[in-house]
Amino acid sequence: MLYLLFLLVALVVLLAGRQVAYYGDVLAEKTGLGRSFMGLFLVGVTTSLPELFHVTSAALQDLPDIAVGNLLGASMVNFLLLTLLDAVHPRPLSARAGQGHALSLGLVVLLLATAGLGLLAEGNGGRVGPFALALLPLYLLALWLSFRYARRFPRDQALEAEAYERVPLRTALLRYALGAAFLVGAAVLLPGLAGAIAEETGLGQAWVGTFMVGLVTTLPEATVVVAAARLGAVDLALGNALGSTLFNTFLLFYADLLAPGSLLAQVAPGHLVSLLVLLAMAGAVLTGLMYQSLRKLWVLAYDSWAILALYLLAAYLSLAR
């Protein structure tokens, strides 16, 4: 019964997330934002709403490992989804994406490294709060730099206006709000269910939060990747993955504010493995983006194989600890 309820909640997240992602895209176009900036921040934040509501519930219920594990696991799945987009096209993903994403990757590395320093400082007896606090100005800096970059190097990646011209702005707002409401309800249930599954299976809260709940709460991102694959909107998909990762890392600061004590000081040290893997994934994407190989090894490019291997390695190391 417990697993059935977990699957039903996952289904609600999927359906509501698709609605939120779609109407978030409509609102982005109606407000005149381009596809690159929209994918990085508006769609990235929109599809990360499950993580936002889930981490709120987990932090308030004093489940720090579930909260941090979900945020890091969801970010790893964001990179993993890029391998799906790579697999469905004969040309490598990195050869089709704009190199302007290198700026976003650098910002992702900056935020992830700051979170990692927080975990290390806790292990050495230092205070973690300042590192979590630093994520706020760093995220705002990422937003500002990306906006300035989009203005300096305009590249219209917006969907065609006629795709949404029949959807009134008011309708988009109402349906967006309805989808978000369902996401709130489903995400509030996830931490308790994940904690119960962790106890029943003996896998531990860190592993369940990182690899089980992380997969569920990234279902909206998966819908964006599938839609992008159909449209050939590579920059939208890549921007969404990087934007979601930026927002998820920023949410460590938000969760720290909600938690009874310093969040990073309460979690298992095994989360450092996830952070290091995320840094390696970002490095793999950046390498592929700059080198732009035109060849694949079977169905995936070399950087996509690296992402897949890193994800499996993280799952194995986290379970073995």
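This structure is a prediction, so every number in the text was calculated from the model and none was measured.

**With respect to the overall build of the protein chain**
- Helix and strand content of the protein chain: 14 helices and zero strands.
- In the protein chain, the order of α-helices and β-strands from amino to carboxyl end is α-α-α-α-α-α-α-α-α-α-α-α-α-α.
- Each of the 321 residues in the protein chain was classed as buried or not, and the buried ones make up 54%.

**As for the side chain of Ser48**
- Here Ser48 is to be found in the loop between α2 (35-46) and α3 (49-60).
- Residue Ser48 is classed as buried on the basis of its relative accessible area of 0%.
- Of note is the side chain of Ser48, whose polar atom sits 3.3 Å from the side chain of Ser244.

**Thoughts on the nonpolar core**
- Formed by 75 residues in total, the largest nonpolar core has its most connected members in Phe79, Leu246 and Met281.
- With near-sequence residues (within four places) excluded, Met281 lies in contact with Met76, Phe79, Ile307, Leu310 and Tyr311.
- Judged by nonpolar contacts, the second largest core, of six residues, contains Val26, Leu27, Val167 and Ala172.

**Quick word on the UniProt feature "transmembrane region" (unreviewed entry) in the protein chain**
- Sites flagged by UniProt as "transmembrane region" (unreviewed entry) map to residues 66-88, 100-121, 127-147, 173-194, 206-229, 236-255, 267-290 and 297-319.
- Along residues 66-88 one finds 96% helix and 0% strand; the C-alpha atoms at either end are 33 Å apart.
- With 100% helix and 0% strand, residues 236-255 has end C-alpha atoms that lie 28 Å from one another.

**Remarks on unusual backbone geometry**
- With phi around 60 degrees, Asp62 is a residue other than glycine that occupies positive phi space.
- Assignment of secondary structure puts Asp62 in the loop between α3 and α4 (64-87).
- A residue is classified by how much of its surface remains accessible, and Asp62, at 44% relative accessible area, is partly exposed.
- Despite not being glycine, Gln292 has its phi angle at roughly 55 degrees, a positive value.
- Looking at the element boundaries, Gln292 is found in the loop between α13 (271-291) and α14 (302-320).

**Here's the deal with α13**
- Under the 1.5 Å per step criterion, the end-to-end length of α13 is 30 Å for 21 residues, consistent within 8% with the ideal 30 Å.
- Turning to α13, its buried residues are His271, Val273, Ser274, Leu275, Val277, Leu278, Met281, Ala282, Ala284, Val285, Gly288 and Leu289.
- Gln292 sits one or two positions beyond α13 and adopts a positive phi of about 55 degrees.

**Focus: the pattern of salt bridges**
- Evaluated as defined, the whole model comprises one salt bridge.
- The shortest N-O distance in the salt bridge between Lys296 and Asp86 comes to 3.7 Å. With Lys296 in the loop between α13 and α14 and Asp86 in helix α4, this pair connects stretches of sequence that are 210 residues apart.

**Some points on the packing of helix α7 (residues 129-152) against helix α11 (residues 234-258)**
- Where α7 meets α11, the closest approach of the two axes is 8 Å, and the angle between their N-to-C directions is 145 degrees. The two elements α7 and α11 cross, and the hand of that crossing is left-handed. Seen from α7, the contacting residues are Ala132, Leu133, Leu135, Leu136, Tyr139 and Ala142; seen from α11, they are Leu246, Phe247, Thr249, Phe250, Leu252, Phe253 and Asp256.

Rules and cut-offs
Residues numbered from 1 in each chain as written. Predicted model: local features only at pLDDT ≥ 70, side-chain atom pairs only at ≥ 80, totals over all residues. Heavy atoms only, no water. Helix = DSSP H or I, 4+ residues; strand = E, 2+ residues; numbered from the N terminus. Buried < 20%, exposed > 50% of the residue type's maximum accessible area, 1.4 Å probe, protein only. Polar contact = N/O pair within 3.5 Å; in protein donor to acceptor, adjacent residues only side chain to side chain. Core = buried A, V, L, I, M, F, W, Y, C linked by side-chain atoms within 4.5 Å. Contact = heavy atoms within 4.5 Å. UniProt positions renumbered as here; feature names shortened; annotations may be inferred. Expected span 1.5 Å × (residues − 1). Salt bridge = Lys/Arg side-chain N within 4 Å of Asp/Glu carboxyl O. Axes fitted to C-alpha atoms, helices over the stretch in contact; angles between N-to-C directions. Left-handed = near helix turned anticlockwise from the far one by under 90°.

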